Amino acid sequence: MATVTLKGLTKTFGDAAAVDRLDLDIGDGEFVSLLGPSGCGKTTTLRLLAGFLQPDGGEIRVDEKLVSSPTVLIPPERRQMSMIFQSYAVWPHMTVFQNVAYGLKLKKLAGGEIAKKVERMLRLVRLDTLAGRYPGELSGGQQQRVALARALVVEPQTLLLDEPLSNLDANLREEMRFEIRRLHEEFRITTVYVTHDQAEAMVTSDRIAVMHQGRIVQLGAPEEIFDRPKTRFVAEFIGKTNILRGKLEDSRSVALGDGLKLGVTSAGAHARGNDVYVCIRPHNVTLTASAAEAEEARRNGMNLFSGIIRRRVYFGDANDYIVELPEQRLNLRVLAPPAHKYEPGQKIFALAHPEQCVLVGEE
Amino acid sequence: MRFDPTLPVWIGAALFVVLLMLLPLGSIFISSLYDEKGLTLGNYLQVFTDNAYLKAIWNSVIISFWVGVIAVAVGSLLGWLVTRTDLPFKRAVRALVMASFVTPPFLGAFAWMLLAGPNAGLLNNWYRAASGSDTALFNIFTIEGLIFVMALYSFPYVFSMIANVCELISSDLEDAANILGANRWKIALTITLPLTAPALISGFIVAFLHSLSLFGAPAILGLPAGIHTITTQIWAFFQYPPRLDLAAAFSVPLLLATVGLIAVQKKLLGRRGYSTVGGKGAQKRLLKLGYLRIPALLLVIAILSLSVFLPYGILLKAALSKAWAMPLTLDNLTLGNFSFTFFEYSDTRAAIVNTFKLGILTATAGTLLATLLAYITNRQLLRGARYVSFFVLAPLVIPGIVLAVGLFIAYSRPPLALYGTIWILFVAYLTKELPIGYSQTESTFKTIHPELEDATRIIGANRLRALKDVTVPLARSGLIAAWSFIFIGVIRELSASILLFTPQSKVISVVIFDLKEEGQIGAIAVLGLLLLAVSFAIILSVQWLAGREFFAGSRG
């Protein structure tokens, strides 16, 4: 196991900085996801970690030992790491068994020990019956598990995963997410996981680092990232959200247009009088048709909007509404349990708790 | 089920192809087993006990082996350089390798005769002038000379195989070993080499088979020195008095060797295959050659001078000069060779007409047939469609001269007395070029989703109509490519033509062979340049067309 520290890490390609003064501390046995849209620098960060790329600035330390800097580069083969590639990179000329055994052979383990370890690992990823097959004869999911077994069997200090699930179909992808988390709980290897899929990051990670334009814009536990996004980018990238624009009155309230004041909660400091954004998750809004009930809630400190149902889509486990707020000239997206049903055209009151109306920065 | 009115078309095409292949091959086996007295093994006995004949076989094996070795060394080096390193001018290098590929080997052999013949060869003249010595530096009329020239025109096969594989192997495969603890050498030894090994071995086999089946080069460079190979020996059996039975018996081992080696090649790939395993995101890094960049480029240029620049240069010089071995001064400059070849000499004029007539006929009929057949096998229209593709591809493993022996025997007597007309050449070319046309159309059809046709049929078009209105227009550039490949294959064909021509049905390649005996160097050079110019014009227009279609995004 190992701790991994990235300090001021920078990598430029031509004029563009793919990774820009990035700082990150990863604890021993921790599972951290680098989450972001394509081109945000997450894969470059991973390849810097692996030692396939040399940074132009900053440094990487593993267990306090310097492994990468503009002047130092420990080659990948001496880093005690494993990596799972987006393309799996399963060697087509070796059987499943040979693929998994390869890393152990490099470590010069005895044949009997190799066989034992490989067989145990193949059972773990449920490939023991396919040990003699060539990769060309396996499905995508099976190949992915070969890559996983090959990376884990060497008991690496650090495990790097580069979008390992992006080539799988939806069902398998969901299954493999839990599989990866389960294996992590079993081995507790320090893991860095690159993905653009927020659900994957949520399921697998201890902490998520949301990346944008080569930098980490927010780092935190999954709930923290989801419930308390710091910026509009994070709020919109992770999950569905309503973004309302207003002026900051004081640290607890925001004026939307037409006299409506919104009680909010804030993660960071924002200057009074500035334009700000408020993030409200669709499932944190409740609807009611009763004016009395709405007034009651408002007096208890809830934020109250009045509007008209414009559209309803039934999803089985929920109804997805669009509520028009005519006074603010806004649309509010609301995800409500299917028990109550409101029809388009109906007048409606929408309620949101100030704790769940989060002030976010522009960037 | 209702009778499908298009069914006879499919069955007809399939049967035609099966017959096209079975008739010549069957004829060879049957006549190899008969003499005037009846059934016998005497032909085989005679062929395989006579020392002269055994020597020819041995020569073929030795020459082909070394051609294979050299072709693999040169082809894989070049293939690797253009795909995995930062070698400059890669596109130009690829284009020039393509030019070596398009150059008919007999033309290359002829050019090298002018360059490195011991008496008048240009390089030897230069050497004598520079050193004052009166001996020759090179003698191309030797086994070594033959190996050299044949390797020059076999390495492009290995090149394209290696380049393809190198493009399929992503850097990820090497990185994966790297991060598990393998250093550079270990990666090369355990990952890169094993991944390319099947292609290297297949490349060797293809180059070996290619040189085994060549007739022109050994005839031009070997026969003057009394060196016989299997193909020239088969040709010799056809000279007066013709011994068809011996030719047939001599063809059988060549055929079996070819089939055997192809089987080995298939087996080697086995279950592994390098079809890209896994998914997207695989990337390739280019190796930085550093200070080796310029030396590598110079080496590549040197190799390409041997296969392209020097031969093309000497052909151009010979075409433009009155006396080809003299310096190209104003006195020596002439267009006479062109007017002689195109307008004055009846043999060359007739041959040009015949060649292009046959080229157009065969390419058109071949594309049509290949389209039907590829359609049948691709859409599984008939039970046993797989076997149809086996028959269509069979000529790939039949050396041209062996095919000609079979065709000669099959079509020289009633009811199919085609010999003496250009139609026997047509049948020979059609048979020989069908695999190329078929592979091209097959891969084109693979990219066209059957649902596009289904959408036509559901609104009332039958299969043939759907093929005509939807599939063929979509496959247009693929079909044009198929037509062009067949056409180029036909106009350069020598090894089958040399047995099947008659004085009324000579083609360019045969006339080049004849003119050599007459010493008409200028006319040969003109004809050679004509072949090259037409081939390149066609290839460039196909590329232009394909590029345009690609940008238009018409492939969905």
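Predicted model, so just to flag it, every value in this text is computed and none were measured.

What about the interface of chain B and chain A?
With 26 residues of chain B in contact, the opposing surface of chain A contributes 29 residues. Taken together, the elements giving at least two residues each to the side of chain B that touches chain A come down to α9 (171–179) and α10 (184–213) of chain B. Top element by residues in the side of chain B that touches chain A is α9 of chain B. It accounts for seven residues.

Considering the domain arrangement of chain A
It is common to report an interface's size as the accessible area lost on association of the parts. On domain assignment, one finds that chain A holds domain 1 (4–227) and domain 2 (241–360). For domain 1 of chain A and domain 2 of chain A, the distance between their C-alpha centroids amounts to 40 Å.

Quick look at the nonpolar core
Within the largest apolar cluster, 270 residues are counted, with the highest numbers of intra-cluster contacts made by V278 of chain A together with L373 and V405 of chain B. Residue assignment places this core across two domains, with domain 1 (4–227) and domain 2 (241–360) of chain A each supplying three or more. Setting aside anything within four residues of it in sequence, one finds V278 of chain A in contact with L244, G246, V254, L262, V264, C357, V358 and L359 of chain A.

So, unusual backbone geometry
Residues and elements named next belong to chain A. One non-glycine residue, R21, lies in positive phi territory at about 45 degrees. Structurally, R21 is set in strand β2 (residues 16–26). In this structure, R126 takes a positive phi of about 60 degrees despite not being glycine. Mapped onto the elements, R126 comes out in the loop between α3 (111–124) and α4 (140–152).

Looking at the sheet that holds strand β16 (residues 285–288) of chain A
Residues and elements named next belong to chain A. Read across the sheet, five strands follow the order β16-β20-β17-β18-β19 without closing on themselves; strand pairing throughout is antiparallel. Pairing within the sheet leaves two strands with one partner each, and these edge strands are β16 and β19 (330–336). Here the average twist between neighbouring strands, direction ignored, is 45 degrees. Sheet topology note: the strand β17 (residues 303–314)/strand β18 (residues 319–325) ladder contains six bridges and is antiparallel. The residue bridging R312 from the neighbouring strand is Y321, located in β18. Lying on the sheet, helix α9 (residues 291–299) is in contact with β16, β17 and β20 (347–352); it crosses β20 at an angle near 20 degrees.

Some thoughts on the sheet that holds strand β9 (residues 207–212) of chain A
Residues and elements named next belong to chain A. The six strands lie next to each other as β6-β7-β8-β3-β9-β10, forming an open sheet whose pairing is mixed. Both outer strands of the open sheet, β6 (81–84) and β10 (215–220), are each paired with one neighbouring strand and no more. With strand direction ignored, the average angle separating the axes of adjacent strands in the sheet is 20 degrees. Examined bridge by bridge, strand β7 (residues 158–162) and strand β8 (residues 190–195) share five bridges and lie parallel to one another. Each residue of the ladder has a partner; that of L160, found in β8, is V192.

Focus on the environment of L246 of chain B
Residues and elements named next belong to chain B. Locating L246 in the fold gives a position in helix α13 (residues 244–269). Separated by 220 residues in the primary sequence, L246 and A466 have C-alpha atoms spaced 50 Å apart. Excluding residues that lie within four positions of it along the chain, L246 makes contacts with N43, Q46, V47 and F237.

Digging into the packing of helix α8 (residues 155–168) of chain B against α10 of chain B
Residues and elements named next belong to chain B. With their axes 9 Å apart at the nearest point, α8 and α10 run at an angle of 165 degrees to one another. Judged by the angle between their axes, α8 and α10 are roughly antiparallel. Once α8 is placed against α10, the crossing between them reads as right-handed. Packed against α8, whose contacting residues are Y157, V158, M161, I162 and V165, the element α10 presents T196, A199, S202, G203, V206, A207 and H210 at the interface. Class assignment for the residues of the contact of α8 with α10 results in eight nonpolar, four polar and no charged.

What counts, and where the lines are drawn
Residues numbered from 1 in each chain as written. Chains lettered and ligands numbered in written order. Predicted model: local features only at pLDDT ≥ 70, side-chain atom pairs only at ≥ 80, totals over all residues. Contact = placed C-beta atoms within 7 Å. Helix = DSSP H or I, 4+ residues; strand = E, 2+ residues; numbered from the N terminus. Domains from an automatic or database assignment. Core = buried A, V, L, I, M, F, W, Y, C linked by C-beta atoms within 7 Å. Buried ≥ 20, exposed ≤ 12 C-beta atoms within 10 Å, placed from the backbone. Pairing = 2+ DSSP bridges. Axes fitted to C-alpha atoms, helices over the stretch in contact; angles between N-to-C directions. Parallel < 35°, antiparallel > 145°, perpendicular 65-115°, else oblique. Left-handed = near helix turned anticlockwise from the far one by under 90°. Nonpolar A, V, L, I, M, F, W, Y, C, P; charged D, E, K, R; others polar.

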